[in-house]
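These are the residues of each chain, in order.
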Amino acid sequence: MAVRVNLTSRQQHILWATVRHYIATAEPVGSKALTEEFDFKVSPATVRNAMGVLEKAGLLYQPHTSAGRVPSDSGYRIYVDHLLTPSEAQAHQVYLQLSQHLGRQGMSLEALLRGAAHLLARLSGYITLITLPQTSTASIRHLQLVQVDPGQVMLIVVTDSYETQSVVIDLPRSRESGGLVPPFELADPEAIDHELKILSNFLNQRLRGQQLTTLSTMKPQALDQEFAQYADFLRMLVSQLKSLAQSWTAAPVLIAGVSEVLRQPEFSELEQVQMLMQLLEEHQEQLSPLIFEASEDTLPAGRVTVRIGTENPLEPIRTCALVSSTYHRGAVPVGSVTVLGPTRMVYETAIATVEAGATYLSESLR
């Protein structure tokens, strides 16, 4: 999720320092502490004024009236997207550790993945989730779009083994008027049915025979170039197809590092811990769309996805950060490597750990 705020270089430096100090101490940060720890060459009053600007911009907040400030989810987002420098040296060290501890001949794939999960959890200090490779070879046999209510369409997908799944999609609406956008603005349901039949034929022509595991790499542009007038609808449809494919081919998740991260002060409330453990143990399928998603909201390198706090749609992890990447067999993404921790995460370490883990597993599957 992109956050656009125009900050001066001094404000950027003070935001960077506030995030770093809070990550290290878990204590609200005051201007005096920043002035003593970082060489700003300005007075505490100047730093305090800059922190006030950052608070008004929604990047910092005060948990208590008399306390210092802590980063908000938006503040962490600015830090991750613009102020953080990923450490290639740290990623290389993690890769070497994986190679040294897991590079034994004759190790089974599951043992390799389980060993990687435990090692990455130890190196990062966070919960590590690694999905087993998706092995489903099911392919699309038939797609159909059916109008179910005014403004709503059901997408029905049938595989070559005659398994069926469906999902309801809202037709795109104009932001200004709220009405349906062309060509769905037609009031006549029969006319919309005709448009949906044209789209169904087009989708079957393009997607019939494709394996479900390849849909995660499909770009909306691959479809809407030929049907530009349906572009908004096709973008939503591709997103839903990816979600259906992930739920169909969802693989078990190997989890390590829970005990370490639960020692963090953010997990001091029993109810929150119970919700998190229930998600990890009983509802792993809800995590699949998050940890195995080729998100457009990636770092500049395009290899790692970072979801921070309220960017996570699942309630048990809305105070957490998820750092994820996919590992590949050849050119096809088949599994994911994720670290899960509090938003007060050492993002440089988490990103380096995930990058190295995904690279190592991809090379191991060659």
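Residues numbered from 1 in each chain as written. Predicted model: local features only at pLDDT ≥ 70, side-chain atom pairs only at ≥ 80, totals over all residues. Heavy atoms only, no water.

Caption draft 1: Local environment of the pattern of salt bridges. In this structure the tally under the stated criterion is 7 salt bridges. Ionic pairing is found between Arg 77 and Asp 81, a salt bridge with its closest N-O pair at 3.0 Å. Linking Arg 77 with Asp 81, this pair stays in helix α4 (residues 73–83), spanning 4 residues, or about one helical turn. Residue classification places Asp 81 among the partly exposed positions, given a relative accessible area of 23%. One salt bridge connects Glu 311 with Arg 77, and the closest N-O pair in it is separated by 2.6 Å. (Salt bridge = Lys/Arg side-chain N within 4 Å of Asp/Glu carboxyl O. Helix = DSSP H or I, 4+ residues; strand = E, 2+ residues; numbered from the N terminus. Buried < 20%, exposed > 50% of the residue type's maximum accessible area, 1.4 Å probe, protein only.)

Caption draft 2: Structural context of the confidence of the model for the protein. Per-residue pLDDT for the protein averages 83, and the proportion of residues at 70 or more is 83%. Confidence, expressed as mean pLDDT per element, reaches its minimum in the protein at helix α8 (residues 221–224) with 62 and its maximum at strand β2 (residues 70–71) with 96. Counting interchain partners and residues more than four positions distant, the pLDDT-below-50 stretch residues 294–302 has 12 contacts. (pLDDT = per-residue confidence, 0-100. Contact = heavy atoms within 4.5 Å.)

Caption draft 3: Highlighting the side chain of Glu 348. With respect to the helices and strands, Glu 348 occurs in helix α13 (residues 347–364). The exposure class assigned to Glu 348 is buried, which follows from its relative accessible area of 13%. Excluding anything up to four places from it in sequence, Glu 348 contacts Arg 20, Tyr 79, Leu 84, Thr 85 and Gln 90.

Caption draft 4: Layout of the environment of Thr 131. Secondary-structure assignment places Thr 131 in strand β3 (residues 127–131). Residues Thr 131 and Ser 288, 157 residues apart in the sequence, show an inter-C-alpha distance of 8.8 Å. Setting aside its immediate chain neighbours within four residues, Thr 131 contacts Leu 113, Pro 252, Val 253, Ile 291, Tyr 327, Gly 335 and Ser 336. At 2.7 Å, the side chain of Thr 131 forms a polar contact with the backbone nitrogen of Ser 336. (Polar contact = N/O pair within 3.5 Å; in protein donor to acceptor, adjacent residues only side chain to side chain.)

Caption draft 5: Highlighting the packing of aromatic side chains. This structure, assessed with the given rule, holds 4 aromatic pairs. Ring centres of Tyr 76 and Tyr 347 lie 5.8 Å apart, and the angle between their planes is 50°; on these two criteria the pair is classed as tilted. Here Tyr 76, found in helix α4, pairs with Tyr 347, found in helix α13; they are 271 residues apart in sequence, far enough to count as distant. Tyr 347 gets classed as buried once you look at its relative accessible area, which sits at 0%. A ring pair is formed by Tyr 95 and Tyr 360, whose centres lie 5.7 Å apart and whose planes are at 75°; its orientation type is edge-to-face. One end of the pair, Tyr 95, is in helix α5 (residues 88–102); the other, Tyr 360, is in helix α13, with 265 residues separating them in the sequence. (Phe/Tyr/Trp six-rings, centres within 6.5 Å; stacked < 30°, edge-to-face > 60°.)

Caption draft 6: Structural context of the sheet that holds strand β6 (residues 164–170). Across the sheet, which stays open at both edges, the 3 strands sit in the order β4-β5-β6 with antiparallel pairing between neighbours. The strands lining the two open edges of the sheet, one partner per strand, are β4 (140–149) and β6. Neighbour to neighbour, the strand axes of the sheet diverge by 20° on average, direction disregarded. As judged from the 8 bridges shared by β4 and strand β5 (residues 152–159), these two strands associate in the antiparallel manner. Looking at the pairing, Ile 140 lines up with Thr 159 of β5. Packing against the sheet, helix α7 (residues 189–207) makes contact with β4 and β5, and its axis sits at approximately 165° to β4. (Pairing = 2+ DSSP bridges. Axes fitted to C-alpha atoms, helices over the stretch in contact; angles between N-to-C directions.)

Caption draft 7: Here's a closer look at unusual backbone geometry. With a phi angle near 60°, Ala 26 is a residue other than glycine that sits in the positive phi range. Tracing the backbone through its elements, the reader meets Ala 26 in the loop between α1 (9–25) and α2 (31–37). Exposure remark for Ala 26: the relative accessible area of 25% places this residue in the partly exposed category. Despite not being glycine, Lys 41 shows a phi value in the positive range, around 60°. Tracing the sequence through the fold places Lys 41 in the loop between α2 and α3 (44–56). The exposure class of Lys 41 is exposed, given its relative accessible area of 70%.

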